[in-house]
Structures are given as C-alpha cells and as structure tokens.
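Each chain, written out:
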Amino acid sequence: MELWDILDENGNKTGRTVERGKPMRQDEYHLVVHVWIQNSHGEFLITKRTPNKTFPNMWETTGGSAVAGESSFEAALREVKEEIGIDLSPTNGTFLFRIKRQHHDFPDFVDVWLFKENVDLSNVIYQPEEVCGAMWATPSQILSMIKEGKFVNTFRYLEDLFKISAI
C-alpha cells in the first residue's frame, strides 16, 4: 500500500495522508515529479510506457508520485532509480518549477526537475511494469513525436522546459 502526503492549495503538507488510488477532494493535492535528464548534446532521455499502462506504448519522461514523508528531490531520485535503474548524481539536479493541476479525483502539484547528466543507455534497466524502452531525443524530435501521437501529450510546459534547458 502506497501512501501520499496530502498537500493544501499552497502545496504545504497538511499532516494527513491518502492511500494511492483513493479519490481526493478538490482542495487536497498530492505531489508528482517529472524528471528530465539532459545530456551534453542537448538531448533528453525519454522512456516508453509498457502496454499495460494508460497511454500504452507511448513515450514520456520519467516521473511519478512522491510517497508519504518524501521530499520532491527524494522522489525524483527514487523514481529514476525505480523505473530505469539509474542513480543520478544529486549535484546535477535543478528544480525548475511547480505546476498545480486539478485532475478529477487526484488533484496534484507537479515538480519539474532537470538533471544534466550523460547516461549510457546500455546501463538502463527497465522496471517491467512501467518501462519497455529508452532513447535520447532532441526537443524537436519530442515535439514531432507529440504531433505523431507517439509521445504523451500532457506535458503542457515543454516550451518553458526547452527554453530553460537551452541556457
């Protein structure tokens, strides 16, 4: 059983938790992290979702929900380790921004992280329930994949991410 910390409308922990999958009120939020890994060529490490997940066989960045007691940074490091078996260097990570979303039953805050790190794809280990592929892609390739219906189109902040990461 996975527990999430309940956050208030300002993103502060309330001291309460909710079991993953249980509906939440619209004034309760949980924390989600999106972790973008960028190599020295300006490419992003993207992963392919397994056929059993929502958005089956589509590409995305690594991410997931923070568990109770976990910070955003800890969740970012853990999610990458769990889903693709990579230990990111904590000193290479930068918090970019936070987005508040009003999903029905599961409102959340999304913390977007950028790690500038060269990862060898041969070292990627897929978590079988989550990931079935990994590749490096440029911002223009990602945008093309969205138009082609191959990349999950829920990352409404990509323009901002690509501007920030180009610095």
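Bear in mind that the values here come from a model prediction, so they are computed numbers and not experimental data. (Residues numbered from 1 in each chain as written. Predicted model: local features only at pLDDT ≥ 70, side-chain atom pairs only at ≥ 80, totals over all residues. Heavy atoms only, no water.)

Novice: Looking at this structure, I do not really get the overall build of the protein chain. What am I missing?
Specialist: What the protein chain contains, in helices and strands, is 3 helices and 9 strands. The order of α-helices and β-strands along the protein chain, N terminus first, is β-β-β-β-β-β-α-β-β-β-α-α. Rg of the C-alpha trace for the protein chain: 16 Å, near the compact-globule value of 15 Å for 167 residues, within the 12% margin. The buried share of the protein chain, taken over its 167 residues, is 49%. (Helix = DSSP H or I, 4+ residues; strand = E, 2+ residues; numbered from the N terminus. Rg over C-alpha atoms; globule rule 2.2 N^0.38 Å. Buried < 20%, exposed > 50% of the residue type's maximum accessible area, 1.4 Å probe, protein only.)

Novice: Any chance you could explain unusual backbone geometry here in plain terms?
Specialist: Leaving glycine aside, a negative phi is the common case for residues, and trans is the common case for peptide bonds. The backbone phi angle of Phe-55 is positive, close to 55 degrees, even though this residue is not glycine. Mapped onto the elements of the fold, Phe-55 is located in the loop between strand S4 (44-49) and strand S5 (59-60). Phe-55 gets classed as partly exposed once you look at its relative accessible area, which sits at 39%. Of note in this structure, Asn-57 is not a glycine but carries a positive phi near 60 degrees.

Novice: So what exactly am I meant to see when it comes to the packing of aromatic side chains here?
Specialist: In this description, a pair of aromatic rings is defined by centroid distance and the angle of the planes. Taken as a whole and assessed by the stated rule, the structure comprises 13 aromatic pairs. An angle of 20 degrees between the planes, with centres 6.5 Å apart, marks the rings of Trp-36 and Phe-151 as stacked. With Trp-36 in strand S3 (residues 30-38) and Phe-151 in the loop between helix H2 (139-147) and helix H3 (158-165), the pair connects residues that are 115 residues apart, well separated along the chain. A relative accessible area of 1% means that Phe-151 is categorised as buried. Ring geometry for Trp-36 against Phe-155: centres 5.7 Å apart, planes inclined by 80 degrees, an arrangement best described as edge-to-face. One end of the pair, Trp-36, is in strand S3; the other, Phe-155, is in the loop between H2 and H3, and 119 residues separate them in sequence. Per residue, the accessibility class of Trp-36 equals that of Phe-155, and both read buried. Here the aromatic cluster, defined as three or more aromatic residues joined through ring pairs, consists of Trp-36, Phe-44, Phe-97, Phe-151, Phe-155, Tyr-157 and Phe-162. (Phe/Tyr/Trp six-rings, centres within 6.5 Å; stacked < 30°, edge-to-face > 60°.)

Novice: I would appreciate a short explanation of the side chain of His-30 in the present structure.
Specialist: Of note, His-30 is situated in strand S3. Of the polar contacts made by the side chain of His-30, one reaches the side chain of Ser-65; its length is 3.4 Å. Ignoring anything within four residues of it in the chain, the contact list for His-30 reads Trp-4, Asp-5, Leu-7, Met-24, Ser-65, Phe-106, Pro-107, Asp-108 and Phe-109. (Polar contact = N/O pair within 3.5 Å; in protein donor to acceptor, adjacent residues only side chain to side chain. Contact = heavy atoms within 4.5 Å.)

Novice: Help me understand H3, please; the structure alone is not making it clear to me.
Specialist: Count 3.6 residues to each turn of an α-helix, and residues three or four apart come out pointing the same way. Three or more residues of H3 are buried, namely Leu-158, Leu-161, Phe-162 and Ser-165. The arc that holds the buried residues of H3, viewed along the axis, is 95 degrees, so those residues lie on one side. Structural note: H3 exposes Glu-159 and Lys-163 on the side pointing more than 90 degrees away from its buried face. Packing partners of the buried residues in H3 comprise S3, S4, strand S7 (93-101), strand S8 (108-116) and H2. (Arc of directions from axis to C-beta.)

Novice: Help me understand the pattern of salt bridges in this model?
Specialist: Any two side chains of opposite charge can pair, so long as their charged atoms come close to each other. For the structure shown, the criterion picks out 15 salt bridges. Two residues, Asp-87 and Lys-81, come together in a salt bridge whose shortest N-O distance is 3.2 Å. For Lys-163, the salt bridge goes to Glu-159, with nearest N and O atoms at 3.4 Å. Remark: Glu-159 and Lys-163 occur in helix H3; sequence separation between them is 4 residues, near one turn of the helix. Exposure class is identical for Lys-163 and Glu-159. Each is exposed. (Salt bridge = Lys/Arg side-chain N within 4 Å of Asp/Glu carboxyl O.)

Novice: Help me understand the environment of Ile-99 in this model?
Specialist: Tracing the sequence through the fold places Ile-99 in strand S7. For Ile-99, a relative accessible area of 23% puts it in the partly exposed group. Separated by 13 residues in sequence, Ile-99 and Val-112 place their C-alpha atoms 8.1 Å apart. Apart from the residues within four sequence positions on either side, Ile-99 is in contact with Asp-108, Phe-109, Val-110 and Tyr-157.

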